[in-house]
Amino acid sequence: MLLELQRIDFGFHQEAPILQGFDMQVAAGEFVALLGPSGCGKSTLLNLAAGLLLPLAGAVRFNGAYLHGINRNVGYMTQGDTLLPWNTVAKNILLPLELRGTPLQERMDSLERALKLVNLTQARDKYPSELSGGMKRRALLARSLIYGPPMLLMDEPFGALDAQLRETMHQELLTTVNRLQESVLFVTHDISESILLADRVLVLGGRPLRVLEETRIPWGKERRLDEIRKTGEYAALESHVRELLRIADAEQHAAARA
Ligand SMILES: Nc1ncnc2c1ncn2[C@@H]1O[C@H](COP(=O)(O)OP(=O)(O)O)[C@@H](O)[C@H]1O
Ligand SMILES: [Mg+2]
């Protein structure tokens, strides 16, 4: 297993524990989507995987090794626009390597690869204010991938995009992560997004958090999203997961009132 969360306990002050004995695994090369009501603990799981939060009990393991601090083997991409406005695309993407003190030649080689990967070679000298929404997302993706982490953590990375652009980004993301054989842990509250992108969808809910259901997605890696959307199998999966999520939402509201 690439990522293992083992019997994790976690909570913030003055709140019922979010996690109690929580288990989760992501295999190498696997794309796992986490779906669940707002506030259930999805971002908390990503932060534990990234080593930004430490469990109160239990362990996070990456590639078999116990994680005790920041996980340097993951790239992290969120919904926010965190490009530095005073830096060009190239300088923004290079930032993680500069922070690591990577040698110049290696930095430049990695930059060329990353720019090519997300199709931004022509835009390397532009500033963030000159980029479209899609180009910004691609620059952020390149920045998350530049040091070659085997796993990407994505927290609603396309949440702020309009529907059409989101569809484009979905196919682009799959092409990119398949090319790199990247593992992905992807948080969303968009049902169709989870079913289209993931190999496995975990519907989460409750406090402490539980996996309400694990759904295997049958499309395989080389998927054509525009084709899948038209199938009855997709529609059936979508309504199945929608129902699960409705139950999780209802539980969440009931718990909030209690
Ligand atoms: N830094 C924090 N301090 C205190 N409580 C927090 C903090 N971050 C998140 N929480 C609480 O933890 C719970 C889970 O949050 P989060 O993981 O962000 O949920 P999700 O990403 O599923 O919307 C929520 O009730 C939230 O209010
Ligand atoms: Mg969140």
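All figures in this text were calculated on a predicted structure; none of them were measured in a lab.

Caption draft 1: Highlighting the sheet that holds strand 2 (residues 19-26). What the 4 strands build is an open sheet, ordered 2-1-4-5; its pairing is antiparallel. On the outer flanks of this sheet lie strand 2 and strand 5 (65-66), each paired with one strand and no other. When strand 1 (residues 3-10) meets strand 2, the two strands line up antiparallel, connected through 5 bridges. Each residue of the ladder has a partner; that of Ile8, found in strand 2, is Phe22. Where helix 1 (residues 42-49) meets the sheet, its contacts fall on strand 1 and strand 4 (57-62), and the angle it forms with strand 1 comes to roughly 120°.

Caption draft 2: Structural detail: helix 1. Of all the 8 residues making up helix 1, 6 are buried; the element is thus mostly covered by neighbouring parts of the structure. Every buried residue of helix 1 is accounted for by Lys42, Thr44, Leu45, Leu46, Leu48 and Ala49. Two residues or fewer past helix 1, Gly51 is found with a positive phi of approximately 75°.

Caption draft 3: How the structure looks around the packing of helix 2 (residues 89-100) against helix 4 (residues 133-145). Packing of helix 2 against helix 4 brings their axes to within 7 Å, and their N-to-C directions diverge by 30°. As summarised for this structure, helix 2 and helix 4 are arranged roughly parallel, according to the angle between their axes. The handedness of the crossing between helix 2 and helix 4 is right-handed. Contact residues: Val89, Asn92, Ile93, Leu95 and Pro96 in helix 2; Ala139, Ala142 and Arg143 in helix 4. In the contact of helix 2 with helix 4, the residues fall into 6 nonpolar, 1 polar and 1 charged.

Caption draft 4: Focus on unusual backbone geometry. The omega torsion across Arg207 and Pro208 is -5°, close enough to zero to call that bond cis. One can find Pro208 in the loop between strand 9 (200-205) and strand 10 (210-216). For Arg7, which is not a glycine, the phi torsion comes out positive at approximately 45°. Mapped onto the secondary structure, Arg7 falls in strand 1. Phi is positive for Gln181, which is not a glycine, with a value near 50°. With respect to the helices, strands and loops of the structure, Gln181 is situated in the loop between helix 5 (163-180) and strand 8 (183-188). Taking the number of C-beta atoms within 10 Å as the measure of exposure, Gln181 has 10 and is therefore exposed.

About the criteria used
- Residues numbered from 1 in each chain as written.
- Chains lettered and ligands numbered in written order.
- Predicted model: local features only at pLDDT ≥ 70, side-chain atom pairs only at ≥ 80, totals over all residues.
- Pairing = 2+ DSSP bridges.
- Helix = DSSP H or I, 4+ residues; strand = E, 2+ residues; numbered from the N terminus.
- Contact = placed C-beta atoms within 7 Å.
- Axes fitted to C-alpha atoms, helices over the stretch in contact; angles between N-to-C directions.
- Buried ≥ 20, exposed ≤ 12 C-beta atoms within 10 Å, placed from the backbone.
- Parallel < 35°, antiparallel > 145°, perpendicular 65-115°, else oblique.
- Left-handed = near helix turned anticlockwise from the far one by under 90°.
- Nonpolar A, V, L, I, M, F, W, Y, C, P; charged D, E, K, R; others polar.

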